[in-house]
Amino acid sequence: MVDKTYQIPYPTAGTSALKDRLEYIHEHEGLDMIIPNYDAELYNFIKIAPWLKSMGIRTFCPRMSNWQRATR
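The notes below deal with the structure included here. (Residues numbered from 1 in each chain as written. Predicted model: local features only at pLDDT ≥ 70, side-chain atom pairs only at ≥ 80, totals over all residues. Heavy atoms only, no water.)

Some details on the environment of I34
Right, on to step 1. Tracing the chain through its elements places I34 in strand β1 (residues 33-34).
Right, on to step 2. Each C-alpha atom, one on I34 and one on A49, is 9.9 Å from the other, the two residues being 15 residues apart in sequence.
Right, on to step 3. Excluding residues that lie within four positions of it along the chain, I34 makes contacts with L22, F45, L52, I57, R58, T59 and F60. (Helix = DSSP H or I, 4+ residues; strand = E, 2+ residues; numbered from the N terminus. Contact = heavy atoms within 4.5 Å.)

Focus: helix α2 (residues 39-54)
Right, on to step 1. With 16 residues, α2 extends 24 Å between its outermost C-alpha atoms, agreeing within 8% with the 22 Å of an ideal straight helix rising 1.5 Å per residue.
Right, on to step 2. If you check which residues of α2 are buried, you get E41, L42, N44, F45, I46, I48 and L52.
Right, on to step 3. Those residues of α2 that are buried lie in contact with α1 (15-29), β1, β2 (58-59) and α3 (64-70).
Right, on to step 4. One or two steps after α2, the chain reaches G56, where phi turns positive at roughly 85°. (Expected span 1.5 Å × (residues − 1). Buried < 20%, exposed > 50% of the residue type's maximum accessible area, 1.4 Å probe, protein only.)

Shown next, in the form of structure tokens:
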């Protein structure tokens, strides 16, 4: 059911490492949408959501204000 998989950096690597990796994956696969799977990933994905949108990649993430309220 899966043709290809790619690993992404751990959340502690920060948004720059995540952006670099996603840019590489997007160049090879032409991503349309990313749905983060783990709570620990959300912060970085929320932070880079505008950048992803500018590349034509949609996300399924809460707004930062909603995420911050939920993690208090």
